[in-house]
Amino acid sequence: ETGVTQSPTHLIKTRGQQVTLRCSSQSGHNTVSWYQQALGQGPQFIFQYYREEENGRGNFPPRFSGLQFPNYSSELNVNALELDDSALYLCASSLAPGGNTGELFFGEGSRLTVL
Amino acid sequence: GENVEQHPSTLSVQEGDSAVIKCTYSDSASNYFPWYKQELGKGPQLIIDIRSNVGEKKDQRIAVTLNKTAKHFSLHITETQPEDSAVYFCAASKNNAGNMLTFGGGTRLMVKP
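Residues numbered from 1 in each chain as written. Chains lettered and ligands numbered in written order. Predicted model: local features only at pLDDT ≥ 70, side-chain atom pairs only at ≥ 80, totals over all residues. Heavy atoms only, no water.

## Brief notes about unusual backbone geometry
Logical step 1: For the bond from Ser7(A) to Pro8(A), the omega torsion is -10°, close enough to zero to count as cis.
Logical step 2: Its location among the elements puts Pro8(A) in the loop between strand S1 (5-7) and strand S2 (10-13).
Logical step 3: Residue Pro8(B) is bonded to the preceding His7(B) through a cis peptide linkage, with omega at -5°.
Logical step 4: One non-glycine residue with positive phi stands out, namely Arg51(A), at about 50°.
Logical step 5: According to the relative accessible area criterion, Arg51(A) is exposed, its value standing at 63%.
Logical step 6: Of note, the phi angle at Lys71(B) is positive, near 60°, even though the residue is not glycine. (Helix = DSSP H or I, 4+ residues; strand = E, 2+ residues; numbered from the N terminus. Buried < 20%, exposed > 50% of the residue type's maximum accessible area, 1.4 Å probe, protein only.)

Encoded structure:
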């Protein structure tokens, strides 16, 4: 059984650029959530995807968008990067989208630095 | 929205001692409270969770207690070991919010051998 994998592990961008982060969910998991973790802080919920549709969103602007593919893998896209977007981006997969029916399995994250 | 406060931010204990981390939440509708451990360079990993219909749950050296009236919950680690050193996060969510967890700010636990 493979766990959650994310790519790239590290990347550096400049302000105003766009970035795409990728996530492969754990085998058998159909739901993917994305979290942003600033240095020294707890993760913050960005959004969740189930059956290729967004079905929950945190307090993040529209320039944060995502996709889920038929194989349940997912992408996080951030446009018009700002310095404050520098953070560790965590992907988590689970068996179901709601009702707290199961634990979240996190990947090791993609560390984004915006200069 | 939900707000989760976590204390202390750092905690240093001697190997074999107990460690207690406390969290408070603001939304009385929250009913699921997981605890995650994050080691350096890794993603958070669930170590224990509790639902609002239970007051206490134990798993070997780890226990969690929940006081719904006061809206606080705590993590207790007994007989700490150096490998317990990590950052611990509490979180809260409610049934209709999917997997939207609201995390506390984290506690860096250091267990000195």
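## Structural notes on the nonpolar core
Logical step 1: In this structure, Phe33(B), Trp35(B), Phe73(B), Leu75(B), Ile77(B), Tyr88(B) and Leu109(B) are the most contacted members of the largest nonpolar core, which totals 23 residues.
Logical step 2: Counting only elements with at least two residues in this core, the list comes to strand S2 (10-14), strand S3 (19-25), strand S4 (32-38), strand S5 (45-51), strand S7 (62-67), strand S8 (72-77), strand S9 (86-92) and strand S11 (107-112) of chain B. (Core = buried A, V, L, I, M, F, W, Y, C linked by side-chain atoms within 4.5 Å.)

## A closer look at the sheet that holds S7(B)
Two strands in a sheet stick together by hydrogen bonds in their backbones, pointing the same way (parallel) or opposite ways (antiparallel).
All names here are of chain B.
Logical step 1: What the five strands build is an open sheet, ordered S1-S3-S8-S7-S6; its pairing is antiparallel. Each end of this open sheet is capped by a strand with a single partner; those strands are strand S1 (4-7) and strand S6 (56-59). Pairwise comparison of adjacent strand axes, ignoring direction, gives a mean angle of 15° for this sheet.
Logical step 2: Pairing geometry for S7 and S8, over six bridges, is antiparallel. If you follow threonine 65 over to S8, its bridge partner there is serine 74. (Pairing = 2+ DSSP bridges. Axes fitted to C-alpha atoms, helices over the stretch in contact; angles between N-to-C directions.)

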